[in-house]
Amino acid sequence: SRPDDQNYFSFYNSELHDELVKRSHLEAFLRAQIESQLVDVYYQPIIETRSGKVVKFEALARFYHQNKTYDTQEMIAMVEDLELIAALDDVVCRKALKQLTHIQKIYGEDVGLTINRSLNTKLDALQVLQSSLDLISESDVDPSRITIELTETAYFEQDQEHTVALEELRGQGIKIAIDDFGTGYSSFSYLEKGHFDLIKIDRKFVKNIEEGSTKFNIVEMMTELAHKLNVK
């Protein structure tokens, strides 16, 4: 009982306790992986439809713990909660830049690399963009082979400073891509400003698409608009 003699009950939920313990262990694991730069980097091929050739590889973080593979989106959400997403992106970027030379020996020196940068962070978008530029500049990689894919673009503000930062990157030959195009309220304003080179149409528009369907018409409209504005 409490000092004021009011009785109360406390219930123990074993499942909730187990989940909290599991999350605590995973958080510690993620911190250690990122701080020690032991994150696994996998590469998803990006294929040019006209030629059927692999023209780029997208560098993606993957997580393994105690012989178990964890859902990447679940892990990324946890990394964002821990405010470690910028550090994770830096690790993946640094590793991928180092490995690109080896990849080019297999697929040809023209093959490029796409690096994800999340804007869902307390860091300003300028800091995220500058960190990317610094890592690319410090490497021996040709900047024209690099695409920076901005995710969580709802956090991006298109003011003068950000415009200058984007143009500085593009001035180095680096391409800028927008992820999940069509899902954000400001997606079309990105095209209007003209500071981006590629859009990735969100998979919800493409999954199970059928010719003549509403999805088909939406994707066709977005594709035609992008091409008119010289965006791939």
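In this text the structure is predicted, and so the values were computed from the model without any measurement.

Here's the deal with the nonpolar core
- Judged by nonpolar contacts, the single largest core of 57 residues is most densely connected at Phe63, Leu88, Leu97 and Ile146.
- Ranked by residues supplied to this core, first place goes to helix H3 (residues 85-107) with 9 residues.
- What leucine 88 contacts, discounting residues up to four positions off in sequence, is Ile34, Val39, Ala61, Phe63, Ile76 and Val79.

Some points on the pairing of strand S6 (residues 146-151)
- Counting buried positions along S6 gives 6 out of 6 residues, so the element sits mostly inside the fold.
- Alternating residues of S6 divide into Ile146, Ile148 and Leu150 and Thr147, Glu149 and Thr151, and every residue in both groups is buried.
- Note: strand S5 (residues 112-118) against S6, 6 bridges, orientation parallel. Residue pairing for S6: threonine 114 is matched across the bridge by threonine 147.
- Running through helix H4 (residues 125-138), the crossover from S5 to the neighbouring parallel element S6 is right-handed.
- Here S6 runs beside strand S7 (residues 175-181); their pairing, made up of 4 bridges, is parallel. Across the sheet, the residue bridging to threonine 147 is lysine 175, located in S7.

Remarks on the sheet that holds strand S2 (residues 54-62)
- The strand order across the open sheet formed by 6 strands is S1-S2-S5-S6-S7-S8, and the pairing between neighbours is mixed. Two strands lie at the open edges of the sheet, namely strand S1 (40-47) and strand S8 (198-201), each paired on one side alone. Direction aside, neighbouring strands of the sheet carry axes that sit 30 degrees apart on average.
- Sheet strands touched by H4: S5 and S6. Its angle to S5, the strand with the most contacts, is close to 150 degrees.

Observations concerning the packing of H3 against H4
- At a minimum axis separation of 10 Å, H3 and H4 run at an interaxial angle of 25 degrees. The pairing of H3 with H4 is recorded here as roughly parallel in orientation. When the axes of H3 and H4 are compared, the crossing they make is right-handed. Contact residues: H3 offers Asp90, Cys93, Arg94 and Leu97, while H4 offers Ser131, Leu135 and Ile136.
- Residue classes in the contact of H3 with H4 are distributed as 4 nonpolar, 1 polar and 2 charged.

As for a negative patch on the surface
- The grouping of Glu15, Glu19, Asp71 and Glu74 at the surface amounts to a negative patch.
- Structurally, aspartate 71 can be placed in the loop between strand S4 (68-69) and helix H2 (72-81).

Some words on the side chain of glutamate 149
- Looking at the element boundaries, glutamate 149 is found in strand S6.
- Excluding its chain neighbours within four sequence positions, the residues that come into contact with glutamate 149 are Glu58, Thr114, Ile115, Asn116, Arg117, Ala177, Asp179 and Lys200.

How each quantity is defined
Residues numbered from 1 in each chain as written. Predicted model: local features only at pLDDT ≥ 70, side-chain atom pairs only at ≥ 80, totals over all residues. Heavy atoms only, no water. Core = buried A, V, L, I, M, F, W, Y, C linked by side-chain atoms within 4.5 Å. Buried < 20%, exposed > 50% of the residue type's maximum accessible area, 1.4 Å probe, protein only. Helix = DSSP H or I, 4+ residues; strand = E, 2+ residues; numbered from the N terminus. Contact = heavy atoms within 4.5 Å. Pairing = 2+ DSSP bridges. Right-handed = clockwise from strand over helix to strand, strands pointing away. Axes fitted to C-alpha atoms, helices over the stretch in contact; angles between N-to-C directions. Parallel < 35°, antiparallel > 145°, perpendicular 65-115°, else oblique. Left-handed = near helix turned anticlockwise from the far one by under 90°. Nonpolar A, V, L, I, M, F, W, Y, C, P; charged D, E, K, R; others polar. Patch = residues over 30% accessible without salt bridge, like charges linked within 9 Å, V, L, I, M, F, W, Y side chains within 5 Å. Areas by Shrake-Rupley, 256 points an atom, 1.4 Å probe, with all protein chains shown as cover. Salt bridge = Lys/Arg side-chain N within 4 Å of Asp/Glu carboxyl O. Lys, Arg positive; Asp, Glu negative; His and termini not counted. Charge placed at Lys NZ, Arg CZ, Asp CG, Glu CD.

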